[in-house]
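Spelled out, the chains give:
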Amino acid sequence: MDIFAVPTKGFSDQKFGTSGLRKKTSVFQQEHYLENAVQSIFDCLQGFEGKTLIIGGDGRYYNNQAIQTIIKMAIANQFGHIIVGQNGLLSTPAVSHLIQKREAFGALILTASHNPGGKEGDFGIKYNISTGAPAPSDLGNAFSKRCTEIDRYWMVKVQDVDLSQQTELTIGSTLIEIIDPVSDYSAYMQKIFDFKAIQRLFKKGFKITFDAMNAVTGPYAKHILEELLGADEGSVIHGTPLPDFGGLHPEPNLVYAKDLVDLAYSEKSPDVCAASDGDGDRYMILGKSFFVNPADSLAILAEYMEQIPFYKGRFYGAARSMPTAAALDAVCQKSKKDCYQTPTGWKFFGSLLENQKISLCGEESFGAGSFHVMEKDGLWAILFWLNILAITEKTPEQITKELWQKYGRIYTRTYTYHTESDKDVPHLIDSLSAKLPQLSNTQVSDFKIIKASLFNYTDPVTNQSTTNQGIIILLSDEARIFVRMSGTSSSGASLKVYLSQKSKKNNADPAIFLAPLEKATQELLQIQKYLGNKVDISVT
Ligand code: VG1
Ligand code: CO
């Protein structure tokens, strides 16, 4: 078998952001584009010869073609063992678990997560390290740099591998194993949660609808919810991974999972509606006519953590990303545990999880996880909820209202403003940043600004600093505005504005309750002035 070098020219637009490299599918399909990125990753790693690489993706268009290319490149780069999910599928948390279980060197995950798929949609690639965690920032920066300067990649000419069968074969000196993507993950979930208690819940007639959004979690959810836990057949909807996700935008939130939300608010609502995103690392949970916001949900997982056998005596502390409302903090305070605030992106939780500073972490974007894997994990969060419901015999609404009763309620809304220009959002953020020193003690609409500052973060374990991770504006009446630029857009730029405000009032509509804060935000940020009229706005 001949290993040969293919000349490439480097691509200056290959930047590894919050979660890997994401671009329009057509961009990825350019000659040498994928190969350039993959070889750049390999070139930044050391000592993988003879070791194991895991490869899988969320099933979107170009998934399997990309996997065939990567298998050949991994052989040429002399990995000793390649593990691939059958039909090219593996969810992000399943990959993270497999890395640990199979003691792999690392993994390549083909996904653009919540971004739409298909020919006209997005494609992406991310690398996870030997702990199972996403590549940390310095490694991601090294990948980006290497992508621009690389001038060759390594390749072999061999036949495509049949991904449709679970099998083993050897090419050159590399063993290739095609595995069931679901079984290791589902076995692990059974070790974590009380499946017997959840089975009893379903036996009593409990109903769930789980929307896999035509993405990777379908096979996982069907096996775990329907086959193992006894949920009715048909509880999992949109359960077959499709290359274009059936036209859905696989992001589980109030905007993109609207049909599911409508079901939850209808008379036909099951006890729980849940959904996951493209690569299976995020979740959404609703009760009958009741939406649990992700910040409250995270606090609830913390509140009940010690009641889940796997976590008994293992609640060390918790963390949330800074844009996430502070419901978690109150629970940690009450149980005298540390609560950390990190920049957006799962990679910032890695060192805290690995060093037992925290057991639980999450983001406002419907991601949550624990030390069970080094990624966020959508189905895990849903099973955690089912376990809580099984133990308490309460509804999501009761559980959430008890949380508000005990700690107060924090209202939240997140606004995303997408523009095709990649200059306007940075311009707005730069202008606001320059004004920050003068903002303290000024009045904006009904609020007084107490403090306005840039969010810089120093990792408490590694001491590594990361600057400019957003702008925090603390206001009177326990209100807060957090502003940052999205790191996962495949084109243009998105401004994200996160509002939150604590109140003793439990039963207001968040949109109405937060209207005065929204008015203050518009006044302060002057979004229209900076971004113009051609913006696509979504609110969750
Ligand atoms: C978004 C979310 C962030 C999440 C990231 C990756 O990032 O806000 O919380 O970690 O997506 O999630 P951004 O930079 O667009 O706000 V996923 O499910 O793509 O792995
Ligand atoms: Co995701």
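Residues numbered from 1 in each chain as written. Chains lettered and ligands numbered in written order. Predicted model: local features only at pLDDT ≥ 70, side-chain atom pairs only at ≥ 80, totals over all residues. Heavy atoms only, no water.

> I'm lost on the packing of helix α11 (residues 327-334) against helix α14 (residues 396-407) in this one. Help?
Geometrically, a packed helix pair is captured by the angle between its two axes and the distance between the axes. Taken N-terminus to C-terminus, the directions of α11 and α14 make an angle of 65°; their axes are 11 Å apart at the nearest point. As far as their axial angle goes, α14 and α11 are roughly perpendicular. Of the two possible hands of crossing, α11 and α14 adopt the one that is left-handed. When α11 is examined against α14, the residues Ala330, Val331 and Lys334 are found in contact with a partner set consisting of Leu403, Lys406 and Tyr407. Among the residues making up the contact of α11 with α14, the classes are represented as four nonpolar, no polar and two charged. (Axes fitted to C-alpha atoms, helices over the stretch in contact; angles between N-to-C directions. Helix = DSSP H or I, 4+ residues; strand = E, 2+ residues; numbered from the N terminus. Parallel < 35°, antiparallel > 145°, perpendicular 65-115°, else oblique. Left-handed = near helix turned anticlockwise from the far one by under 90°. Contact = heavy atoms within 4.5 Å. Nonpolar A, V, L, I, M, F, W, Y, C, P; charged D, E, K, R; others polar.)

> How should I be thinking about the site of ligand 1 in this particular structure?
Taken together, 21 residues surround ligand 1, and among them Arg22, Ser113, Ser365, Gly487 and Thr488 come closest. For ligand 1, an oxygen atom lies 2.6 Å from a polar atom in the side chain of Ser113. At a separation of 2.6 Å, an oxygen atom of ligand 1 approaches a polar backbone atom of Gly487. Its residues assigned to classes, the shell around ligand 1 shows no nonpolar, ten polar and eleven charged. (Near = heavy atom within 4 Å. Polar contact = N/O pair within 3.5 Å; in protein donor to acceptor, adjacent residues only side chain to side chain.)

> I would appreciate a short explanation of the pairing of strand β9 (residues 174-179) in the present structure.
The two faces of the sheet receive side chains in turn, since in a regular strand these alternate between them. Summarising burial for β9: five of the six residues are buried, a large majority. Bridge count between strand β4 (residues 81-89) and β9: five bridges; the pairing is parallel. Paired with Val84 across the bridge in β9 is Ile178. Note that strand β8 (residues 167-171) and β9 share five bridges and pair antiparallel. Among the inter-strand pairings, Leu169 is bridged to a residue of β9, identified as Ile176. Hairpin connection, β8 to β9: the antiparallel pair is bridged by two residues, and Gly172 has positive phi, about 60°. (Buried < 20%, exposed > 50% of the residue type's maximum accessible area, 1.4 Å probe, protein only. Pairing = 2+ DSSP bridges.)

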